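Okay, here's what each chain looks like letter by letter:
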Amino acid sequence: MNYSRCSRVAALLGAALSAASQPKPLSSFDAQVKPLLARMTLAEKIGQMTQPDQEYIKDPTDIENYFVGSILSGGSSDPKEGNSLQAWTDLYDRLQRHTTNTRLKIPILYGVDAVHGHNNILGAVIFPHEIGLGATRNAALVEKVERVTAEEVRATGIQWAFAPCVTVPRDVRWGRTYEGFSEDPQLVREMAGAAVRGFQGTDLASPLAVLACAKHYAGDGGTAFGSAHGGRGLDQGDTRVDEATLRRIHLQGYIAAVQAGVGSIMPSYSSWNGVKVSGNKHLLTEILKQGLGFQGFLISDYNAIDQVDRDYKKAIGISINAGMDMAMVPTKYKEFIADLKQLVDEGVVPMSRIDDAVTRILRVKFAMGLMDQNRSQLADRSLRKTFGSAEHRLVAREAVRQSLVLLKNRNKVLPMKKTAARIHVGGKSADDLGNQCGGWTIDWQGKSGDVTPGGTTVLAAIRKAVAKGTQVTFSKDGTGAAGATVGVVVIGELPYAEGDGDRADLALAQEDVDAVANMKAAGISVVVILFSGRPMILGGVLDQADAVVAAWLPGTEGEGIADVLFGDFRPTGKLSFAWPRSMAQVARHPGDKDYDPLFAFGYGLSY
Ligand code: BGC
């Protein structure tokens, strides 16, 4: 075979491969959707558009009586029987079974916030939050992380994750900064596509595929400080930029997500130039559906429709007419259903809009094999074998390793020797899995302490890694380090989520500053590991510390940190956010006047 023939064959093969890996367009299921839609009553259609939270479904026969098409578990909505893999799976199966009592037997889509692993469920592997994944700069790894997450989600029967978050946080005072990969739209774009491919795979019909949901469309990370919470915050605030800027910065992740075939998108609570996104037809219908060609469906954020207008019924009309397809109405689902029915009867919401919304939802259900009568929609309990498994933990450990950004390394204090005579470990987060995982872990806000079984704190990981004769001592406040070969202090933020994490001041806590000072007072070299959902103002700690590692919110696999501390792996992480020198430098970006970060975007040392 001559060279040109050879390369032609290779090119053809490549084309065939990439065509095969391209997901089927969702509209290709319309031929199946149409006849079903034609048989549906208005009540059945509105039911498909309605998503209550399981926590507030007092009577589960509401599922058949209201033809409910979807259910969610919000951040703290656990099964009544308790939080276990068994209870979650039983809950899913129990609710799913109710759909078989309906005339059309359309299964529910069950959604959860699997934003860093299947993070609501005890014993699941908790991965680094997206800010850490952004620092890995490794899209293939992000795809792998979401593949594993999807498998753990599917082990509970659940088929839908409200992830990835493709926000572009532009002000690190925002409490949701860590939910985003980067302040840089191009990095977000790259990671967004990979994450969607990880969740959904190449074919949504696979029993291991999980429907992804890119969120929060659009501009959630661009809000002006003071435009939310009575002037005190950023979350759910107002993004004041022109359309060209919105597209250049905040739409990039959606372009990639749509290209990767994302089946659902969640509009944001926030506003764009004073208008709530969840009621903005130009954004939802003209830009996203018509412009970007999004063929899946839009799911409103938790009670977000309430914010569109003071009059709830009017708000529903505005939002649905703007292009919202499914409503996350955790508690008020009966009211939503009654109001939407009236709005249709009154001609405020045209039947064509209802049909479009239901078509989009059913396309996804057909694509996922939910409508396949020969396929059980109950959980595949054989997947429990790999839930929280050592194999899955290794993927998280690799992600942790690659997410670490080494900010400082005076006199090559890192890597440390596993054979050091004594390592003194300190800091409030050194032995605290909850602080290591952050918000959206078991509880919506997360919490300190032993939040979930199966993980490894930094202290435990160091103990596991050192040589036999090495002594590892620990004090929370960093005292008692005298005589140690080297000290490691683990400090940082306490868990939070959403607006509760909005902060005007990102200085380190006094307790953390003291722990570093106490350790340093022993006259030893000190390595500082920072757990935080964003860059923080390091102040005097930067001078005191001999080495500083930004570890973000790494999740359950602390051994990934020990791997790098002891030099089994080199640090490779690069900042996905610039690191501000002072609070005066937050919300500044390349090209802005007086832009002078302490560590530039992309910074990261190695050895
Ligand atoms: C958050 C979303 C989340 C939803 C469901 C909201 O508070 O903004 O990101 O998907 O809750 O839990």
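Residues numbered from 1 in each chain as written. Predicted model: local features only at pLDDT ≥ 70, side-chain atom pairs only at ≥ 80, totals over all residues. Heavy atoms only, no water.

1. Re the site of the ligand
Turning to step 1, where the next piece is worked out: Close to the ligand lie 14 residues; D113, R176, H216, D301 and E498 are nearest.
Turning to step 2, where the next piece is worked out: Between E498 and the ligand, the recorded distance is 2.8 Å, taken from a side-chain N or O atom to an oxygen atom.
Turning to step 3, where the next piece is worked out: Per-class residue counts for the shell around the ligand are six nonpolar, three polar and five charged. (Near = heavy atom within 4 Å. Polar contact = N/O pair within 3.5 Å; in protein donor to acceptor, adjacent residues only side chain to side chain. Nonpolar A, V, L, I, M, F, W, Y, C, P; charged D, E, K, R; others polar.)

2. A word on the sheet that holds strand β6 (residues 238-239)
Turning to step 1, where the next piece is worked out: Reading across the sheet, the three strands line up as β6-β8-β9 and stay open at both edges, with mixed pairing between neighbours. Looking along the sheet, the strands with just one partner apiece sit at the ends: β6 and β9 (275-276).
Turning to step 2, where the next piece is worked out: Bridge count for β6 against strand β8 (residues 271-272) is two bridges, and the pairing is parallel. Bridged to D238 within β8 is S271. (Pairing = 2+ DSSP bridges. Helix = DSSP H or I, 4+ residues; strand = E, 2+ residues; numbered from the N terminus.)

3. What about the side chain of S532?
Turning to step 1, where the next piece is worked out: Considering the arrangement of structural elements, one finds S532 in the loop between β16 (525-531) and α19 (541-544).
Turning to step 2, where the next piece is worked out: A polar contact is formed between the side chain of S532 and the backbone oxygen of R534, at a distance of 2.7 Å.
Turning to step 3, where the next piece is worked out: For S532, the contacting residues outside a window of four places in its chain are E493, W552 and L553. (Contact = heavy atoms within 4.5 Å.)

4. Considerations on the side chain of E130
Turning to step 1, where the next piece is worked out: Among the structural elements, E130 can be located in helix α6 (residues 130-136).
Turning to step 2, where the next piece is worked out: This buried residue, E130, is left without a salt bridge; K215 holds the nearest opposite charge, at 7.9 Å.
Turning to step 3, where the next piece is worked out: At 3.0 Å, the side chain of E130 forms a polar contact with the backbone nitrogen of C165.
Turning to step 4, where the next piece is worked out: With sequence-adjacent residues up to four places away left out, E130 is seen in contact with P164, C165, Y178, E179, G180 and F181. (Buried < 20%, exposed > 50% of the residue type's maximum accessible area, 1.4 Å probe, protein only. Lys, Arg positive; Asp, Glu negative; His and termini not counted. Salt bridge = Lys/Arg side-chain N within 4 Å of Asp/Glu carboxyl O.)

5. Some remarks on the packing of aromatic side chains
Turning to step 1, where the next piece is worked out: Enumeration over the complete set of coordinates arrives at seven aromatic pairs.
Turning to step 2, where the next piece is worked out: Aromatic side chains W160 and F297 sit 5.3 Å apart centroid to centroid with 70 degrees between the ring planes, which places their arrangement in the edge-to-face category. Residue W160 is found in strand β4 (residues 160-161), and its partner F297 is found in strand β10 (residues 297-298); the two are separated by 137 residues along the sequence.
Turning to step 3, where the next piece is worked out: What makes W160 buried here is its relative accessible area of 0%.
Turning to step 4, where the next piece is worked out: Among the aromatic residues, those joined into a cluster by ring pairs are W160, F162 and F297.
Turning to step 5, where the next piece is worked out: Positioned above the aromatic ring of F225 is the side chain of R173, whose terminal nitrogen or guanidinium carbon lies 4.1 Å from the ring centre.
Turning to step 6, where the next piece is worked out: The lysine or arginine in question, R503, covers the ring of Y496, its NZ or CZ lying 5.3 Å from the ring centre. (Phe/Tyr/Trp six-rings, centres within 6.5 Å; stacked < 30°, edge-to-face > 60°. Lys NZ or Arg CZ within 6 Å of the ring centre and 35° of its normal.)

6. With respect to the domain arrangement of the chain
Turning to step 1, where the next piece is worked out: Taken domain by domain, the chain comprises domain 1 (24-386) and domain 2 (404-585).
Turning to step 2, where the next piece is worked out: Just the C-alpha atoms count here: the centres of domain 1 and domain 2 sit 34 Å apart.
Turning to step 3, where the next piece is worked out: Residue-level contacts link 44 residues of domain 1 with 36 residues of domain 2.
Turning to step 4, where the next piece is worked out: In this assembly, domain 1 packs against domain 2 so that about 3,000 Å² is buried in total across both faces, 57% of it on carbon and sulfur atoms.
Turning to step 5, where the next piece is worked out: Taken together, the links from domain 1 to domain 2 amount to one salt bridge.
Turning to step 6, where the next piece is worked out: Between R176 and E498 there is a salt bridge whose closest N-O contact spans 3.3 Å.
Turning to step 7, where the next piece is worked out: Across the contact surface, domain 1 and domain 2 share 29 residue pairs in polar contact (both at pLDDT 80 or more).
Turning to step 8, where the next piece is worked out: Broken down by element, the side of domain 1 that touches domain 2 gets its largest block of residues, four residues, from α6. (Domains from an automatic or database assignment. Buried area = accessible area lost by both parts, 1.4 Å probe.)

7. With respect to the nonpolar core
Turning to step 1, where the next piece is worked out: Ranked by internal contacts, the top residues of the largest apolar core, which has 159 residues, are Y217, I265 and L340.
Turning to step 2, where the next piece is worked out: Residue assignment places this core across two domains, with domain 1 (24-386) and domain 2 (404-585) each supplying three or more.
Turning to step 3, where the next piece is worked out: The contact partners of I265, leaving out residues within four places of it in the chain, are C213, A214, Y217, Y254, V258, L288, F294, F297, L298 and I299. (Core = buried A, V, L, I, M, F, W, Y, C linked by side-chain atoms within 4.5 Å.)

8. So, the packing of helix α12 (residues 312-322) against helix α13 (residues 333-345)
Turning to step 1, where the next piece is worked out: The geometry of α12 relative to α13 is characterised by a closest axis approach of 9 Å and an angle of 70 degrees between their N-to-C directions. Relative to α13, the element α12 is oriented roughly perpendicular. For the pair α12 and α13, the sense of crossing is right-handed. On α13, the residues touching Y312, K313, I316, G317 and I320 of α12 are E335, F336, D339, L340, Q342 and L343. (Axes fitted to C-alpha atoms, helices over the stretch in contact; angles between N-to-C directions. Parallel < 35°, antiparallel > 145°, perpendicular 65-115°, else oblique. Left-handed = near helix turned anticlockwise from the far one by under 90°.)

9. Quick notes on the environment of I354
Turning to step 1, where the next piece is worked out: With respect to the helices and strands, I354 occurs in helix α14 (residues 351-367).
Turning to step 2, where the next piece is worked out: Each C-alpha atom, one on I354 and one on S270, is 24 Å from the other, the two residues being 84 residues apart in sequence.
Turning to step 3, where the next piece is worked out: If sequence neighbours within four positions are ignored, I354 has contacts with L42, K45, M49, L340, V344 and V349.

10. Some thoughts on the sheet that holds β4
Turning to step 1, where the next piece is worked out: The parallel open sheet is built from three strands, whose spatial order is β2-β3-β4. The open sheet has two free edges, formed respectively by β2 (70-73) and β4, since each of these has just one partner strand.
Turning to step 2, where the next piece is worked out: Inspection of the sheet shows strand β3 (residues 109-112) paired to β4 by two bridges, in the parallel sense. If you follow G111 over to β4, its bridge partner there is W160.

11. Structural notes on the pairing of strand β17 (residues 547-552)
Turning to step 1, where the next piece is worked out: Most of β17 sits out of view: six of its six residues are buried.
Turning to step 2, where the next piece is worked out: Of the two faces of β17, the one carrying A547, V549 and A551 and the one carrying V548, A550 and W552 are both buried.
Turning to step 3, where the next piece is worked out: Bridging between strand β12 (residues 405-409) and β17 involves four bridges; their strand directions are antiparallel. Across the sheet, residue K408 finds its bridge partner in β17, namely V548.

12. A closer look at the pattern of salt bridges
It is possible for side chains of opposite charge to pair when their charged atoms get near one another.
Turning to step 1, where the next piece is worked out: Tallying each qualifying case throughout the model produces 36 salt bridges.
Turning to step 2, where the next piece is worked out: The shortest N-O distance in the salt bridge between E346 and K313 comes to 2.9 Å. Here K313 lies in helix α12 and E346 lies in the loop between α13 and α14, a separation of 33 residues in the sequence.
Turning to step 3, where the next piece is worked out: Judged by its relative accessible area of 48%, E346 is partly exposed.
Turning to step 4, where the next piece is worked out: A salt bridge links R353 to D325, with the nearest nitrogen and oxygen atoms 2.5 Å apart. Note that R353 is positioned in helix α14 and D325 in the loop between α12 and β11 (327-328), a separation of 28 residues in sequence. Neither R353 nor D325 differs from the other in exposure class; each is buried.
Turning to step 5, where the next piece is worked out: Here the residues in one salt-bridge network are K289, D325, R353, D356 and R360, joined through shared partners.

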